[in-house]
Amino acid sequence: MLLLLGRRVTLSFVNRFTKSSPSSLSKPVFISSLLIKFRVAHSCFLVSTAVRNRGTMPERRPFVRLPTDVYPVNYGLCLKPDLIDFTFEGKLEALVEVTQATNQIVMNCADIDIITASFVPQGGEEINATGFNYQNEDEKVTLSFPSTLQKGSGTLKIDFVGELNDKMKGFYRSKYTTSAGEIRYAAVTQFEATDARRAFPCWDEPAIKATFDITLIVPKERVALSNMNVIERKPYPDDENLLEVKFATTPIMSTYLVAFVIGEYDFVESQSSDGVTVRVYTPVGKAEQGKFALEVATKTLPFYKEYFSVPYPLPKIDLIAIADFAAGAMENWGLVTYRETALLIDPKNSCSSSRQWVALVVGHELAHQWFGNLVTMEWWTHLWLNEGFASWIEYLCVDHCFPEYDIWTQFVSADYTRALDLDALDSSHPIEVNVGHPSEVDEIFDAISYSKGASVIRMLHNYIGDEDFRKGMNAYLLKFQHKNASTEDLWDCLEEASGKPIAAVMGSWTKQMGFPIIVVDQEQQGDNRILKISQKKFCASGPHNGEDCPSWMVPISICTSDDPTCTKLKVLLDRPEMTITLNSVSPEQWVKINPGTVGFYRIQYSSSMLQSLLPGVRDLSLQPVDRLGLQNDLFSLSRAGMISTVEVLKLMEAFVNEPNYTVWSDLSCNLGVLSSLLSHTDFHEEIQEFIRDLFTPIGMKLGWDSKPGEGHLDALLRGLVLGKLGKAGHKPTVEEARKRFKDHVEGKQVLPADLRSPVYLTMLKHGDSSTLETMLKLHKQADMQEEKNRIERVLGAISAPDLIQKVLTFALSDEVRPQDTVSVIGGVAGSSKQGRKAAWKFVKDNWEELYNRYQGGFLISRLVKLSVDGFAIDKMAAEVKSFFESHPAPSAERTVQQCCENILLNAAWLKRDADDIHHYLLQRKAPPV
């Protein structure tokens, strides 16, 4: 599953639907949807939000995994959704194995009412269940039988009913509008992590694998899809308007990867070079917008087949755009679901960043078809293995398909630095987290599992080398295909392939939270350079100085100015400190630790080493990724109070000749953090002037219009720079944006897609009520979700308090899809001091509605983070903590802790450095005496 991390979620019923009883689904019970008593399985778990020790998990409720005395072999599942009343009827016939005599069967079940249940032992008489005991908080049901179920095979039969909910999880309804303007609904699924149990009673744990025979009874004019290909489609005897659609038997698989979709779609189709049928399903009339994803998918499948040396095991793969979808995408085996914006590309109206995003998401989800689906983690503790690996290899895949994207440099800015920032907090967590209860699982779908996971795998790949890495991966996939595995199983395979101590090295990165700061000093001895390197835990509040300081086994690479792209020496730092001799390094040469910014750590150079590296920033002799890493390390050290922020501002001014998009992107992000921090002062305008001065030369060089020979990265850079200048109030940029916006709105000259975000942002930042009205009108007219999202993300830039309120009210209106409300509110909170206060008040005032909409999912964590992370006053941390103590949100509990910690860190940073920053910003403009 791919998240939007601000950036990256059983029984074989010998099918009853035979020719002799084709209509059995509708006959047993006619239940009005009004009579179905749906149970609320996600009741508020009252979990304490008290401050906890460093890195500990929040207090946990007791949890027991399902008993092993009965397990599924095959699920025969038939579902009949009602797209008008939003209910569904289901029949399950599961072939099960009883391993130990018992008179009860315990399964997962949530928001489902069981009508009848029975067990038929192989060759024996049917035994009707006499009781259904729902344990709602644990999302389980116990079926009781009047006599003992003996060891051996049998069939468990369950008739049940459920609700097509509007919570974007389980079996849910997704709203869309036809070309004629009629509102309709599709029935779709999202089961990861623990929501298959909302669609049918099952053993909903990743290690309890079975095969699935799925039948869907659907309106005949609707498309019906599932994991496998259709093997039979016939009229439904009881209703001429319905069709019975039967799908081929799946491979053995986990419940969270099962999927079905019923709706109206067009598609484009192709075949990969290795013979797999690939389809991309789009909203009706938008098939053209599926072609880019189709091209990526057909290139990606053969790439992974070759990389893993294991073929894709299903006959087809469908990629489908879902209107209402909480995550970015979900890797259901053979039927991958996506947000529209993560799959659809309009050749005329999609921007370059959207094309890149689609390529990455397609690469991520298709990697899971092997790593996650073919071999599945044994339990959610090992989730990082799925997500960290897919988040790493998506970049490898995109680099293969689109080398012009320079995607590995972007990885450092998008994933690596984000993970470092989060993992420096006391409220971080190890990559591997013991999870039990379903309410805990959503908490670990975060930047640690995804981005830190990807970063340590990138470091591991570099440490082992590509050839041995691939050899180990192939051994792992072959050994555990159609089974489950743990982190240690992968380490064993890689260790055998490489002969290196993988388990020992990687255990220090996955089982403890945090990372080291590598402190480096040097001394010249004749023709040799002597380096003294040491490690200690890096904390966002400064270096760890307590006792029992953790340590890591750190792969260290070193290069020199003789060849900045080539590693001169590699060592494994497996102790607190070490002395290294670099032979034949003359005094004038600089030495750089961590070339390529691959090792997952921060670096603190001695002042002489740092001074020698700075010319490499100005003259570009340092690689782009290393210019980025150097700046990012220093920025992080300044936030931690280890150096002055003024030193970082001085370094930033050295980037005046910088040509690289990703380096500018990281600079822009850090200046955004600083600008947000200084919005709490009375000299916010001075930092805007600094931003204008820094970005004006590159803005002048790029201009507004693309030039012949420019590519993908030029387009990204132009949009970034113009947006930064416009927001900071650069007059020529604001004036040109006004002119182009007017022409765009009047239809004289449509804005190129890559310029829309910066122009919209600039107009709103310096606009009034008529600007906002125009933007809302453009939003209403937009036929493409990408354009709607583009507008939604920048609406919060409006300045007037009454207009900020209007934007917040709009966020909860029917004009905004449920999953996008969060980014509208976040846009308000991130745009200004006034916006931050207004957004937080709005979240508090509307908490009941927001929590009801997103509870138990990761969107609630995202909402919390975006709303409060930017505060920089001590008392706000206490206010946020207090609010969530009285309004518990279990799946966001760790996020609340992290936000409170960030608020206190921001406040300390401001107190410590504000005066020095102010003085520097004033004196840099003072005329020379």
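An unreviewed UniProt entry lists the protein chain under the name Aminopeptidase, with Takifugu flavidus as the source organism. UniProt annotates the protein chain under Catalytic activity (unreviewed entry) with the comment "Release of an N-terminal amino acid, preferentially alanine, from a wide range of peptides, amides and arylamides." Recorded under Sequence similarities (unreviewed entry), the UniProt text for the protein chain is reproduced unchanged: "Belongs to the peptidase M1 family."

Caption draft 1: Main features of the overall build of the protein chain. When you go through the protein chain residue by residue, the secondary structure sums to 26 helices and 30 strands. Taken over C-alpha atoms, the radius of gyration comes to 28 Å for the protein chain, in line with the 30 Å a tight globule of 929 residues would show. Along the first, second and third principal axes, the C-alpha atoms of the protein chain reach 100 × 65 × 55 Å. Each of the 929 residues in the protein chain was classed as buried or not, and the buried ones make up 63%. Of the roughly 33800 Å² that the protein chain leaves accessible, carbon and sulfur atoms contribute 51%.

Caption draft 2: Structural view of the UniProt feature "active site" (unreviewed entry) in the protein chain. Under the UniProt annotation, the feature "active site" (unreviewed entry) is placed at E365. Secondary-structure assignment places E365 in helix 2 (residues 352-368). With residues up to four places along the chain from it excluded, the contact list for E365 reads M1, L2, A329, M330, E331, V336 and Y338.

Caption draft 3: Geometry of the side chain of N386. Assignment of secondary structure puts N386 in helix 3 (residues 383-401). One polar contact links N386 to Y256, side chain to side chain, over a distance of 3.2 Å. Those residues in contact with N386 that lie beyond four places of it in its chain are Y256, H368, F371, G372 and M377.

Caption draft 4: Main features of the environment of L725. If you trace the backbone, L725 turns up in helix 15 (residues 712-727). Overall, L725 belongs to the buried group, its relative accessible area being 1%. C-alpha of L725 to C-alpha of G857: the two residues are 132 residues apart in sequence and 36 Å apart in space. Non-local contacts of L725, meaning those with residues more than four positions away in its chain, are made with R692, F695, T696, G699, H730 and T733.

Caption draft 5: Region of the structure containing the pairing of strand 17 (residues 277-282). Pairing geometry for strand 16 (residues 266-271) and strand 17, over 6 bridges, is antiparallel. Along strand 17, the bridge assignment pairs S270 with V278. Taken together, the 5 bridges between strand 17 and strand 18 (residues 316-322) define a ladder with parallel strand orientation. Pairing of T277 across the sheet is with K316, part of strand 18. One crossover worth recording links strand 17 to the parallel strand 18 by way of helix 1 (residues 291-308), and it is left-handed.

Caption draft 6: Region of interest: helix 24 (residues 858-868). In terms of burial, helix 24 is a largely internal element, 8 of the 11 residues being buried. By the burial criterion, the buried members of helix 24 are F858, L859, I860, S861, L863, V864, S867 and V868. Those residues of helix 24 that are buried are in contact with strand 20 (335-339), helix 21 (821-829), helix 22 (833-845), helix 23 (847-854), helix 25 (874-886) and helix 26 (893-923).

Caption draft 7: Expanded view of the sheet that holds strand 6 (residues 131-135). Strands sit in the order 3-7-6 across an open sheet of 3 strands; the sheet is antiparallel. The open sheet has two free edges, formed respectively by strand 3 (102-108) and strand 6, since each of these has just one partner strand. Neighbour-to-neighbour, the strand axes of the sheet open up by a mean angle of 25 degrees, direction not taken into account. One ladder, built from 6 bridges, connects strand 3 with strand 7 (residues 140-149); its direction is antiparallel.

Caption draft 8: A look at the pattern of salt bridges. By the definition in use, this model includes 53 salt bridges. Notably, a salt bridge pairs D783 with K286, separated by 3.6 Å at the nearest N-O pair. Taken together, the residues D783 in the loop between helix 18 (769-781) and helix 19 (785-794) and K286 in the loop between strand 17 and helix 1 connect sequence positions 497 residues apart. Salt bridges linked by common partners bring D111, E139, D195, R197, R198 and D204 together as one network.

Caption draft 9: Up close: the sheet that holds strand 29 (residues 591-593). Taken together, the 3 strands give an open sheet; going across it, the order is 27-26-29, and neighbouring strands pair in antiparallel fashion. For this open sheet the edge positions go to strand 27 (569-573) and strand 29, each flanked by a neighbour on one side alone. Averaged over neighbouring strand pairs, the angle between their axes works out to 25 degrees when direction is ignored. Where strand 26 (residues 554-560) lies against strand 27, 5 bridges are found, and the strand directions are antiparallel. Considered in strand 27, the bridge of I556 is made with V571.

Caption draft 10: A look at the confidence of the model for the protein chain. With 93% of its residues at a pLDDT of 70 or more, the protein chain shows a mean pLDDT of 90. pLDDT under 50 marks residues 6-58. Its contacts with residues more than four places away, or in other chains, come to 177 contacts.

Caption draft 11: Region of interest: unusual backbone geometry. Of note, the amide linkage connecting E192 to A193 takes the cis form, showing an omega dihedral of 10 degrees. With respect to the helices, strands and loops of the structure, A193 is situated in the loop between strand 10 (183-190) and strand 11 (211-219). The phi dihedral of F86 is positive, around 60 degrees, even though this residue is not glycine. On the basis of relative accessible area, F86 is assigned to the buried category, the value being 18%.

Caption draft 12: Structural context of the domain arrangement of the protein chain. Taken as a whole, the protein chain is organised into domain 1 (66-263), domain 2 (265-377) and domain 3 (405-513). With 17 residues of domain 2 at the contact, the number on the domain 3 side is 20 residues. Interface area, domain 2 with domain 3, both sides summed: about 1500 Å², of which 62% is carbon and sulfur. Interface area lost by domain 2 to domain 3 is led by Y307, Q356 and V375, which between them contribute 38%. Here domain 2 is connected to domain 3 by 0 salt bridges.

Caption draft 13: The packing of aromatic side chains, seen in detail. Inspection of every chain in the model, using the stated rule, returns 48 aromatic pairs. Residues F200 and F212 carry aromatic rings whose centres are separated by 6.4 Å and whose planes lie at 75 degrees to one another, so their mutual orientation is edge-to-face. Highlighted residues: F200 in the loop between strand 10 and strand 11 and F212 in strand 11, separated in sequence by 12 residues. Considering the side-chain rings of Y416 and F600, the 5.9 Å spacing of their centres and the 85 degrees angle between planes classify their relative orientation as edge-to-face. Linking Y416 in helix 4 (residues 407-423) with F600 in the loop between strand 29 and strand 30 (602-605), this pair joins segments that are 184 residues apart in sequence. This pair shows no difference in class: Y416 is buried, exactly as F600 is. If you follow R355 out to its NZ or CZ, it ends over the ring of F292, 4.5 Å from the centre. Against the face of Y463 rests K500, its NZ or CZ located 4.6 Å from the ring centre.

Caption draft 14: Representation of the packing of helix 4 against helix 11 (residues 624-639) within the structure. Remark: helix 4 packs on helix 11, axes separated minimally by 11 Å, with the N-to-C direction vectors making an angle of 20 degrees. Of the possible angle classes, the one that applies to helix 4 and helix 11 is roughly parallel. Taken as a pair, helix 4 and helix 11 cross one another with a handedness that is right-handed. Contacts between helix 4 and helix 11 pair T409, V412, S413, T417 and D421 from the former with V625, L628, N632 and S636 from the latter.

Basis of the calculations
- Residues numbered from 1 in each chain as written.
- Predicted model: local features only at pLDDT ≥ 70, side-chain atom pairs only at ≥ 80, totals over all residues.
- Heavy atoms only, no water.
- UniProt positions renumbered as here; feature names shortened; annotations may be inferred.
- Helix = DSSP H or I, 4+ residues; strand = E, 2+ residues; numbered from the N terminus.
- Rg over C-alpha atoms; globule rule 2.2 N^0.38 Å.
- Buried < 20%, exposed > 50% of the residue type's maximum accessible area, 1.4 Å probe, protein only.
- Areas by Shrake-Rupley, 256 points an atom, 1.4 Å probe, with all protein chains shown as cover.
- Contact = heavy atoms within 4.5 Å.
- Polar contact = N/O pair within 3.5 Å; in protein donor to acceptor, adjacent residues only side chain to side chain.
- Pairing = 2+ DSSP bridges.
- Right-handed = clockwise from strand over helix to strand, strands pointing away.
- Axes fitted to C-alpha atoms, helices over the stretch in contact; angles between N-to-C directions.
- Salt bridge = Lys/Arg side-chain N within 4 Å of Asp/Glu carboxyl O.
- pLDDT = per-residue confidence, 0-100.
- Domains from an automatic or database assignment.
- Buried area = accessible area lost by both parts, 1.4 Å probe.
- Phe/Tyr/Trp six-rings, centres within 6.5 Å; stacked < 30°, edge-to-face > 60°.
- Lys NZ or Arg CZ within 6 Å of the ring centre and 35° of its normal.
- Parallel < 35°, antiparallel > 145°, perpendicular 65-115°, else oblique.
- Left-handed = near helix turned anticlockwise from the far one by under 90°.

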